[in-house]
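# Close look at the chain arrangement
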Amino acid sequence: MSLADDLYRETILDHYHNPRNRGEIEDASAKVEGVNPLCGDELTLYIQLDGDTVKDVKITAKGCSINTASGSMMSEAVVGQSIADVKKTVDAFKSMMMSKSGDVSLPEEMEELEALQGVRKYPVRIKCALLPWNTLLEGIITAQEEQKVKEVK
Ligand code: ZN
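Everything numeric here is computed off the predicted structure, so don't read it as measured data. (Residues numbered from 1 in each chain as written. Predicted model: local features only at pLDDT ≥ 70, side-chain atom pairs only at ≥ 80, totals over all residues. Heavy atoms only, no water.)

## Observations regarding the pattern of salt bridges
Counted only if it meets this: By salt bridge we mean one thing: a side-chain nitrogen of Lys or Arg within 4 Å of a carboxyl oxygen of Asp or Glu. Whether a residue is buried, partly exposed or exposed follows from its accessible area with a 1.4 Å probe, protein chains only, as a fraction of its type maximum: under 20%, in between, or over 50%, in that order.
Evaluation of the coordinates by the stated rule reveals 6 salt bridges. Of the charged contacts in the structure, one is a salt bridge between Asp 14 and Arg 20, with a shortest N-O distance of 2.7 Å. The exposure class of Asp 14 is partly exposed, given its relative accessible area of 31%. Overall, the relative accessible area of 23% leaves Arg 20 in the partly exposed class.

Below is the structure:
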């Protein structure tokens with residue numbers, strides 16, 4: 001076990017025990033649900049858009065440690081970003097998790113997310129790590145559609 005592995009484990013456990021951005025948003029732009037039947041992870045994601053900026057993300061979840069930690073880290077990474085930047089962040093995270101060629105370095109502001117790449121060793125758990133991110137993308141699409149509907153009215 002290397003020092004990096006230890007640090008990664010600590011980061012994941014910290015987010016698992018103290019998940020950030022837990023809860024609900026009352027007047028959310030969208031509320032979407034994500035399920036990973038393979039593991040039994042379930043989460044509800046609330047997203048608040050302010051124009052093209054992700055103003056807030058909150059999650060209520062019943063999931064395993066990887067799923068919970070990944071959701072917590074995702075919420076910290078994307079709140080305050082523009083939708084275009086969020087999509088880049090999600091892409092970078094997904095390509096790290098799907099990488100077949102060993103460890104990937106993420107941009108400095110995403111460094112903490114590297115803690116999750118150890119999950120690649122357990123292919124069935126990769127879905128646990130990706131669920132919050134896929135649910136986030138769905139939330140953005142839903143929120144944008146809601147905005148369009150409002151504009152038409
Ligand atoms: Zn899981």
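## Some remarks on the pairing of strand S3 (residues 53-62)
Under the convention used in this document: Pairing between two strands requires that DSSP report at least two bridges joining them. Every helix listed is a DSSP run of H or I at least four residues long, and every strand listed is a run of E at least two residues long, numbered separately from the N terminus.
Sheet topology note: the strand S2 (residues 41-50)/S3 ladder contains 9 bridges and is antiparallel. Each residue of the ladder has a partner; that of Leu 49, found in S3, is Val 54. Where S2 folds back onto S3 in an antiparallel hairpin, the turn is made up of 2 residues, including Gly 51, whose phi is positive at roughly 65 degrees.

## Considerations on unusual backbone geometry
Residues apart from glycine generally show negative phi values, whereas peptide bonds are mostly found in trans. Non-glycine residue Asn 21 carries a positive phi angle of around 55 degrees. Position of Asn 21 relative to the elements: it lies in the loop between helix H1 (3-17) and strand S1 (30-36). A residue is classified by how much of its surface remains accessible, and Asn 21, at 24% relative accessible area, is partly exposed.

Note that every value here comes from positions in space, so none of it alone points to a role or purpose.
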